[in-house]
Amino acid sequence: MKKSIWVSLMIVLISSIVLSACGSNNKENAGAGNETKGNNAATEASGPINIGFFAPQGKAPLEDNEYTKLVEEKFNVKIKWDVAPTDALVDRRQLLLASGDYPEVFLEAKFTTGDLMTYGKQGVLIPLNDLIDKYAPNLKAMMEKKPYLKEAMTAPDGNIYGIARLNECYHCTHAQKFWMNKAWLDKLGLAVPTTTDELYTALKAFKTQDPNGNGKADEIPLTGAPNKSVWNGNIDSYLMNSFIYNDNDKYLTVTDGKVDFAANKPEWKEGLAYMHKLYTEGLIDKASFTQNDQAVGQLGQREGDEIVGSITTALVSYLVKAYEDTDERQKHWVIVPPVKGPSGVQLAGTSQGISEFPMAITNKASEAQQIAAIKIIDYAYSEEGALFSEYGAKEGIGWKTAEAGELNITGQPAKYSFSGLQPVDENVVRNDSWSLLGPKDLSKEFRDLFATAQDPLTAAGYEKRLADATAAYDAYAPKETYPSGAYVKAEDTDTIAQLATSIKDYVNSNMAQFIIGDKDLEKDWDGYVKGFDGLNLPQYIQIYQSAIEKK
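Residues numbered from 1 in each chain as written. Predicted model: local features only at pLDDT ≥ 70, side-chain atom pairs only at ≥ 80, totals over all residues. Heavy atoms only, no water.

> Can you walk me through the environment of P61 in this structure?
Looking at where P61 falls in the secondary structure, it is placed in the loop between β1 (49-56) and α2 (66-74). Look at P61 and you get partly exposed, because its relative accessible area is 40%. Considered as a pair, P61 and N427 are 366 residues apart in the sequence and their alpha carbons are 16 Å apart. (Helix = DSSP H or I, 4+ residues; strand = E, 2+ residues; numbered from the N terminus. Buried < 20%, exposed > 50% of the residue type's maximum accessible area, 1.4 Å probe, protein only.)

> Would you mind going over the state of the cysteines with me for this structure?
Disulfides are covalent bonds that link the sulfur atoms of two cysteine residues. Within the structure shown, the criterion is met by one disulfide. Between the sulfur atoms of C169 and its disulfide mate C172 the distance is 1.5 Å. The S-S bond linking C169 to C172 shows a torsion near 115°; that makes this disulfide right-handed. Its relative accessible area of 7% is what places C169 among the buried residues. (Disulfide = S-S within 2.5 Å.)

> Can you walk me through the sheet that holds β1 in this structure?
What the four strands build is an open sheet, ordered β2-β1-β3-β10; its pairing is mixed. Looking at the sheet topology across the chains shown, the edges are occupied by β2 (77-84) and β10 (360-361). Pairing between β1 and β2: eight bridges, direction parallel. Following the sheet pairing, F53 is matched in β2 by W81. Relative to the sheet, helix α3 (residues 89-99) contacts β1, β2 and β3 (105-106), its axis offset from that of β1 by approximately 140°. (Pairing = 2+ DSSP bridges. Contact = heavy atoms within 4.5 Å. Axes fitted to C-alpha atoms, helices over the stretch in contact; angles between N-to-C directions.)

> Hey, could you run me through α3 in this one?
Buried within α3 are the following residues: L89, R93, L96 and L97. Around the axis of α3, the buried residues are gathered within 95° of arc, so they sit on the same side. Exposed positions of α3 whose direction lies more than 90 degrees from the buried face are D91, L95, A98 and S99. Elements that come into contact with the buried residues of α3 comprise β1, β2, β3 and α4 (113-121). Looking one or two places after α3, you find G100, whose phi comes out positive at around 85°. (Arc of directions from axis to C-beta.)

> Help me understand the environment of E66, please; the structure alone is not making it clear to me.
As for its placement among the helices and strands, E66 is situated in helix α2. You can call E66 partly exposed: its relative accessible area is 33%. In sequence terms E66 and G257 are 191 residues apart; their C-alpha atoms lie 46 Å from each other. Other than its neighbours up to four places away in sequence, E66 contacts K394, N431 and D432.

> In this structure, what is going on with the nonpolar core? I would like to understand it.
One finds F261, W268, L272, V507 and Y540 to be the most contacted residues of the largest nonpolar core, which totals 80 residues. Ranked by residue count, the leading element in this core is helix α17 (residues 493-516), at eight residues. With residues up to four places along the chain from it excluded, the contact list for Y540 reads K250, L252, F261, I496, L499, A500 and I503. (Core = buried A, V, L, I, M, F, W, Y, C linked by side-chain atoms within 4.5 Å.)

> Looking at this model, I keep getting lost on the pattern of salt bridges. Mind explaining?
A side chain with one charge may pair with a side chain of the opposite charge, provided their charged atoms come close. For the structure shown, the criterion picks out 25 salt bridges. The shortest N-O distance in the salt bridge between E328 and K331 comes to 3.5 Å. Residue K331 is classed as partly exposed on the basis of its relative accessible area, which comes to 35%. Among the salt bridges present, the one from K400 reaches E403, with a minimum N-O distance of 3.6 Å. Overall, E403 belongs to the exposed group, its relative accessible area being 52%. Each of K146, E168 and E445 takes part in salt bridges that share partners, so that together they form one network. (Salt bridge = Lys/Arg side-chain N within 4 Å of Asp/Glu carboxyl O.)

The values reported here are purely geometric and, on their own, carry no functional implication.
Below, the structure written as structure tokens:
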């Protein structure tokens, strides 16, 4: 009898211990497996949801960041940060994935479409479609407003594995620009060129008619630089678009949904012939194929007489100090819209600006963690969230409410402003926003909420100058372009990476040789075109065709 009672007491004690352990475990993972009610990611009783975020290492700890604290309080979460140096971000990400010890959320991990497909198929990254539909009204509305955003994020299997940052900057949509020295044009009695013939005439006049007035033949009619040093600094990025569309990247054209290649067409040859003519007559700076951004700046900012007449680049600030009112030279420069070629071609390089997908949720995340993560990102797609995420939550430091009379980039009344802000100690690192961290709404509509100086030739008005320049290119955008965020099938990722590198190198090296004259366009063109056979060009085109067809 005593033995039976003893056994019963032991069973009760063991059961109590087990239940106590289960209760303790539930507290540690508060909300991890619980269903949410309404819009709350977790109830007050369960406490904050612990969730791991992978992100690049900044100058200040993200756990102390004011925007971090704001979203933690707003969405009842506690973020555990796993950070890596920016230049080691991909390597660290890969190590985590290979080890299996990865966090619930990758906030900024440089995922390409190939990465998303690979890890999505493996089940490491979860589909976000239902989460977006149920818990992300701001993002969902933006996807409806900007169909290309949804298209870019949707994989061939119909799933969304990563969320993009929508960044419609004023100078990004048409970044293959051309700037010209208007002071020289005025002195020589020339108008801004509208055709390739007029451009040739202007450049020839720059070289031969001493526009800087020093009596020396020291003028450089046109300069540029390799794209890796100066954004769209390579001379063909602008000039080739008067002959055939040049995206300055993949060299792809799209007509009625059919992908083709530009750099082996007769029109490409015509463009090379035009540039060769400019080069042989000394109108193109020989250093354009080798110099870096510092060399370009030295050309434009040298003491004494001004020597540069035009430059191919997205930003004229590579050449002159457009951010400084003390530099009178920066007022000389004007944008030149696409010039019409001999066959009537007049195109602007165009980009949607979506190529990476900062945010992805892994299979480590519980239901509550998934909901909390998607709500944090959705908040950054609201006006308030985008404002606080990018510029900080406290008015008067990173932004302020615009005053009456302050106008935006299009001359309309502004809602927010950057003028007259509280001075910030230069020795203190700001840690009040996520800045360009994670997906968010940086659409043109959001940017248009902010005031800017209305004189584009002032330092304060440089952003308007870039916006006006981009607007001058809008009418020349091709009807179809290859989307930068197109999903390449996971099994094609390695192949296309190799093909793209070899084809791009081949195009660029031969382009330089044809322009300089190391290769003869009449004698060597056929051999150049034949060379693409050995680079598997048909496969290259087909992979990209399949990507936009999502097959």
